[in-house]
Amino acid sequence: VYQAWLLGPNADSPPTPAGTLSSPDGRHAIAADLSEGWTGVAITAEPGPLGSPQPTGDIVAIAELA
């Protein structure tokens, strides 16, 4: 499965799981409270069906949050 991760404000912040991508049409919404310091989101390939507690797969997409 593909899994979303919220990224913190520095390199020492561990990624936080934000759900797996399961929509058949390729759309997925991620809710993040930006006041908590999230600076980005990454998508990785993880073992299914529930994903992983921490990233184990390759990053397939990454984006900054504004």
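Right above here is the structure, for reference.
Overview of the structure. Keep in mind that what you see is a predicted model, and the values were worked out from it rather than measured.

### A short note on the sheet that holds strand β2 (residues 16-21)
Consideration 1: Taken in spatial order, the 4 strands line up as β2-β1-β3-β4 in an open sheet, and their pairing is antiparallel. In this open sheet, the two edge strands, each paired with only one partner strand, are β2 and β4 (59-64). Along the sheet, successive strands turn relative to each other by an average axial angle of 20°, direction set aside.
Consideration 2: In this sheet, β4 lies alongside strand β3 (residues 40-45) in antiparallel orientation, the contact comprising 5 bridges. The residue bridging V41 from the neighbouring strand is A63, located in β4.

Rules and cut-offs
- Residues numbered from 1 in each chain as written.
- Predicted model: local features only at pLDDT ≥ 70, side-chain atom pairs only at ≥ 80, totals over all residues.
- Heavy atoms only, no water.
- Pairing = 2+ DSSP bridges.
- Helix = DSSP H or I, 4+ residues; strand = E, 2+ residues; numbered from the N terminus.
- Axes fitted to C-alpha atoms, helices over the stretch in contact; angles between N-to-C directions.

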